[in-house]
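In case you want the letters, here they are:
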Amino acid sequence: MAARPFARLLLRRLAPQLSGRPSACFASATKSARRASQLGLRIQEQLSGAAHVKDVIRIYQEYGPHFNDVNLATCWQRLAQVAGNTQRPPTAETRAVFRALQQNTGAVLPRLRAARLRGIVQAMVKLERWGCDQRLWQAVQTAVQGFCKEMTPRNLATIAWAFAKSRKEAPELFEEIAVASIPQLGSFQPVDLAMMAWSFSTVGHHAPELFHGIAHESTARVNALNAQDLANIAWAFANAHHEARALFDAIASETLVSGEIAKPRDLANMVWAFAKAKHESPALFQAAAITVAPKCHELKPIELSMCAWAFCRARQKAPVLFDRIAHHASSKIDQFDPQALSMLVWAFAAMKHPAPDLFHAVRRVCTPHLDSFASAGLAKVAWAIAQAGPPDATFFEAVAKESTLRLNEFNAQEIAMLASAFAVSAHYSPELLDAMAVVAASDTSAFSTRNIASMCQSYAALRHPAKSLFDAFGAEAELHVQNFSHNDLVQIAWSFLHVDYDRPSLFDAITAEVMRRIEGLSAAELSR
C-alpha cells in the first residue's frame, strides 16, 4: 500500500512510451510497479533493522535514489533514533550523506503526505545538533503553508512543536496554524493541547484567541491531562502572560487530588508558572515542597533555581526544601549558567534562608566570570551576596570594576539594586558610586519612588558625597511627594539628614504630605 503513489507516478511516466500498445503498457507498468513495491518493502525492512548510524548511512548510499515516501520518512526517523543512542559527533562521510538526504528531502517535500512530513520534522529536531540546513526548514514551512486547514490536530501540534523546539522563526506559519487549530480544538487530544500551548508560548507568538480556546478545552478535560501536560500548559500560559484563573484553579485541584506522583521537574515548572502568573495556591506549593525535597538530586540546575525562585516569589516558606536545594546546588555549582545562579541566590537572600556553603560556592565561581553575567544577573548576585554576608572585598571589587565598565547596560532598578548591595556590604567604591550618580541625576524619571528612596539611603549609608544625585532626587521628591509611600519618605528624610544636606523645601514638602495623610486617618487607624 505504501508504494502505490510511486506506482501511479511510474505509470504516468511510462504511458507516453507505450502509447498504442495498451496490453504491453499495462503489463509493463504492472511489472515495474511490482518491482518498485518489492524494493520499497526490502528497503523498509533494512531500515527498520538498522541498529547504528553507519547502517542507516549505508542503506541510503545504496538505495537512496530508489526511496519511496515511506522509506524517506523511515530513514529520517531511524537515523534520529540511532543517533540519539550515541554522543559521538558524525563522521565526515556521515555529514556528506546527511547533506544529500536533506537535499533529496527538500526536493520531494511538496508531494509528501502530512503524516510523513510530521515524522520527518520530528527527526529534524532530534538531529538539529548535526546542523540541519536552514533551507530545509524553509522548505518545510513552504510545504505546510497553504494547507494547514486540511491537517489533523496531531499534525498541526507536531509541526508547531518542531519549529518551536528548534527555535525557528516562522510567524506566518504559526499564524496559519493558529487559524486552522481554533475551530477544531475540541478534537485535539490533551497532549496536543499542551504541545500547542507550549509551542506558541516558546516562540512568543501572540495568539490570544488560540490560548482562550486551549484554556477552555484544558479546563473541561483537566482530568485527562497527565502531570507533564499540566505542568507544560501552566508554564505556557504563565510565560505568555495569558491570564486563565479557572484553568490554574483546575490544574491545582487536579494535581492535588489525582494521586499521580508528578516528576520533580514537572512540579518545579508548575510552581514556577503559578508564581509567575501570581496565582495563589498554598496547598499546591506545600505538596510540591514535600514531593520535591527528597528528590532534588533529579533536578537540573535551572530547575533548582526555578523552584527556589517560585517559592520566594509566592512567599511560601519551605525550609526543608531550601536546605535540600542548597545542598545539591552547592555540589554542582559549576554546572549553573549565570541566569540560573542569579535566580538561585536572589531567592535565598530574599527569603532570608541561611545557606553559607551555597553562597561561598557562588562567590567562588562568580568572581572570575562576572563578565558573563547580564546586567540584571550581576545586580541580583551582588545584592544577594551582600544580604547573605559575610563581606567579601575581593568579590565586590570585581563587581565594581565590571559594573563601572558596563554601566550603560543597567536600567534604573538594577542601578538601585547595585547601590544597595554596596551599602549593605559596606564596601566603598567611589568610582562606581560617582558613575551611578551621574546616570541617576541625568534621568530621574526612570527611577521609581522606591528606587529613589533606596538610592538616597544607600549613598547616605556609604556617606558618599554626590550632590548632583541628592539635588536631582530631592527635586523629584518635592515635585511628586504625594506618590511616595510613608516608608520611602522616612528613608529620604533620614538620608538627607545623615549626609547633612540642607534642603528646607524638601522637608517642608514631606512634612506637609505627612500631615495631610494624618488628617485623613481615623482614630483607630492612628492608634495602629
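Coordinates for the structure precede this section.
By convention here, each chain's residues receive numbers from 1 onward along its written sequence. Where local features are concerned, this predicted model is filtered to residues with pLDDT of at least 70; where side-chain atom pairs are given and counted, the filter is 80 or more; whole-chain, interface and lining totals use all residues. Excluded from the side-chain calculation are hydrogens and water; included are all heavy atoms of the structure.

K.L.:
Describe the overall build of the chain, listing the residues and the values that go with them.
P.N.:
Looking only at helices and strands, one finds 28 helices and 0 strands in the chain. For the radius of gyration, the atom set is restricted to C-alpha positions; the globular benchmark scales as 2.2 Å times the number of residues to the power 0.38. Relative to the compact-globule value of 24 Å for 528 residues, the chain shows a C-alpha radius of gyration of 31 Å, a clear excess of over 25%. Type-normalised accessible area, obtained with a 1.4 Å probe on protein chains alone, sets the label of each residue: buried when under 20%, exposed when over 50%, and partly exposed for intermediate values. Relative to its 528 residues, the chain shows a buried fraction of 51%. For the chain, the share of sequence-separated contacts (at least 6 apart) that also reach a separation of at least 24 residues comes to 73%. All accessibility values rest on the Shrake-Rupley procedure with a 1.4 Å probe; residue burial counts only the protein chains present in the view. Per element, the accessible surface of the chain, about 26,000 Å² overall, is 53% carbon and sulfur. Only four residue types enter the charge count, namely Lys and Arg as positive and Asp and Glu as negative; His and the chain termini do not. Charged side chains are reduced to one point each, which is NZ for Lys, CZ for Arg, CG for Asp and CD for Glu. Averaged over its 53 positive side-chain charges, the chain has a centre that lies 15 Å from the centre of its 47 negative ones. In DSSP terms, a helix is any run of H or I states spanning at least four residues, a strand is any run of E spanning at least two, and both are numbered starting from the N terminus. Whether two residues are in contact is decided by their heavy atoms: any pair within 4.5 Å suffices.

K.L.:
Residues and numbers for helix H20 (residues 375-388), please.
P.N.:
Helix length check: H20, at 14 residues, gives a terminal C-alpha distance of 20 Å against a target of 20 Å (1.5 Å per residue), a fit within 8%. The element H20 is largely enclosed, with a buried count of 10 among its 14 residues. Within the span of H20, buried status applies to Ser 375, Gly 377, Leu 378, Ala 379, Val 381, Ala 382, Trp 383, Ala 384, Ile 385 and Ala 386. Those residues of H20 that are buried are in contact with helix H18 (338-350), helix H19 (356-366), helix H21 (393-405) and helix H22 (412-424). Helix span is expected to be 1.5 Å times the residue number reduced by one.

K.L.:
Account for the pattern of salt bridges, with residues named and values stated.
P.N.:
By convention in these notes, a salt bridge is any Lys or Arg side-chain nitrogen within 4 Å of a carboxyl oxygen on Asp or Glu. Under the counting rule described, the total for this entry stands at 17 salt bridges. A salt bridge links Arg 450 to Asp 488; the shortest N-O distance between them is 2.9 Å. Taken as a pair, Arg 450 in helix H24 (residues 449-461) and Asp 488 in helix H26 (residues 486-498) lie far apart in primary sequence, 38 residues in all. For Arg 450, a relative accessible area of 38% puts it in the partly exposed group. Measuring nitrogen to oxygen at the nearest pair gives 3.8 Å for the salt bridge that ties Arg 503 to Asp 471. Residue Arg 503 is found in the loop between H26 and helix H27 (504-519), and its partner Asp 471 is found in helix H25 (residues 467-479); the two are separated by 32 residues along the sequence. The network of salt bridges with common partners includes Lys 467, Asp 471, Glu 478 and Arg 503.

K.L.:
Kindly report on the packing of helix H3 (residues 53-63) against helix H5 (residues 92-108), identifying the contributing residues and their values.
P.N.:
Only the stretch in contact is used when a helix axis is fitted, and all axes are lines through C-alpha atoms; the angle between N-to-C directions ranges over 0 to 180 degrees. Where H3 contacts H5, the two axes come as close as 10 Å, and the packing angle between them is 50°. The orientation of H3 relative to H5 falls into the category oblique. Judged by the sense of rotation from one axis to the other, the crossing of H3 with H5 is left-handed. Where H3 approaches H5, its residues Val 53, Ile 57, Tyr 60 and Gln 61 are matched on the opposing element by Glu 93, Thr 94, Val 97, Ala 100, Leu 101 and Asn 104. We call two directions roughly parallel when the angle between them is under 35 degrees, roughly antiparallel when it is over 145, roughly perpendicular when it lies between 65 and 115, and oblique otherwise. Each crossing gets its hand from how the near helix is turned against the far one by less than a right angle, where anticlockwise is left-handed and clockwise is right-handed.

K.L.:
Could you give an account of unusual backbone geometry, with specific residues and numbers?
P.N.:
Residues Gly 389 and Pro 390 are joined by a peptide bond in cis, for which omega reads -5°. Mapping Pro 390 onto the fold places it in the loop between H20 and H21. You will see that Lys 352, though not glycine, has its phi angle at about 55°, which is positive. Even without a glycine there, the phi angle at Ala 426 is positive, about 55°. Of note, Ala 426 is situated in the loop between H22 and helix H23 (430-442). For Ala 426, a relative accessible area of 59% translates into the label exposed.

K.L.:
Let's hear about the packing of aromatic side chains: which residues, and what values?
P.N.:
For Phe, Tyr and Trp, rings pair up if their centres lie within 6.5 Å, where Trp contributes its six-membered ring, and each pair is then called stacked (planes under 30 degrees apart), edge-to-face (over 60) or tilted (otherwise). Applying the stated criterion across every chain, the model contains 17 aromatic pairs. Taking 5.1 Å as the distance between ring centres and 85° as the angle between the ring planes, the aromatic pair formed by Phe 395 and Phe 396 counts as edge-to-face. Its relative accessible area of 1% is what places Phe 395 among the buried residues. The exposure class of Phe 396 is buried, given its relative accessible area of 1%. Plain terms: the ring middles of Phe 496 and Tyr 501 are 5.4 Å apart, the flat faces sit at 90° to each other, and that makes the pair edge-to-face. One aromatic cluster is present, formed by Trp 76, Phe 98 and Trp 130 through successive ring pairs.

K.L.:
Any details on a positive patch on the surface? Residues and values, ideally.
P.N.:
A residue counts toward a patch only above 30% relative accessible area and without a salt bridge, and it is joined to like-charged neighbours within 9 Å or, for Val, Leu, Ile, Met, Phe, Trp and Tyr, to nonpolar neighbours within 5 Å. On the surface, a cluster of positive charge is contributed by Lys 276, Lys 278, Arg 313 and Arg 315. Structurally, the position occupied by Lys 276 is in helix H14 (residues 264-276). Judged by its relative accessible area of 30%, Lys 276 is partly exposed.

K.L.:
Now, about the layout of surface pockets: what can you tell me, with residues and values included?
P.N.:
Buriedness for pockets is judged along seven lines, at least five of which must meet protein on both sides within 12 Å for an open set on the 1 Å grid over protein atoms alone, while cavities are sets there where a 1.4 Å probe fits but cannot get out, and lining residues have an atom within 4 Å of a point. Grid points are joined across faces, edges and corners, and a volume is the space filled by probe spheres set on the points. For the largest pocket, the calculated volume is near 750 Å³. For the lining of the largest pocket, the secondary structure elements donating two or more residues are helix H8 (153-165), helix H10 (190-203), helix H12 (227-239), H14 and helix H16 (301-313). The leading source of residues in the lining of the largest pocket is H10, at 5 residues. The residue inventory of the lining of the largest pocket, partitioned by class, reads 8 nonpolar, 7 polar and 8 charged. For this classification, the nonpolar set comprises Ala, Val, Leu, Ile, Met, Phe, Trp, Tyr, Cys and Pro, the charged set comprises Asp, Glu, Lys and Arg, and every other residue, Gly included, is treated as polar.

K.L.:
Before we move on, can you summarise H24 with the specific residues and values?
P.N.:
Every α-helix winds through 3.6 residues per turn, so residues three or four apart in the chain are directed the same way. Helix length check: H24, at 13 residues, gives a terminal C-alpha distance of 18 Å against a target of 18 Å (1.5 Å per residue), a fit within 8%. Listed as buried for H24 are Asn 451, Ile 452, Ala 453, Ser 454, Met 455, Cys 456, Ser 458, Tyr 459 and Ala 460. As for H24, its buried residues are in contact with H22, H23, H25 and H26. The positive-phi residue at the C-terminal boundary of H24 is Arg 463, with phi of around 50°.

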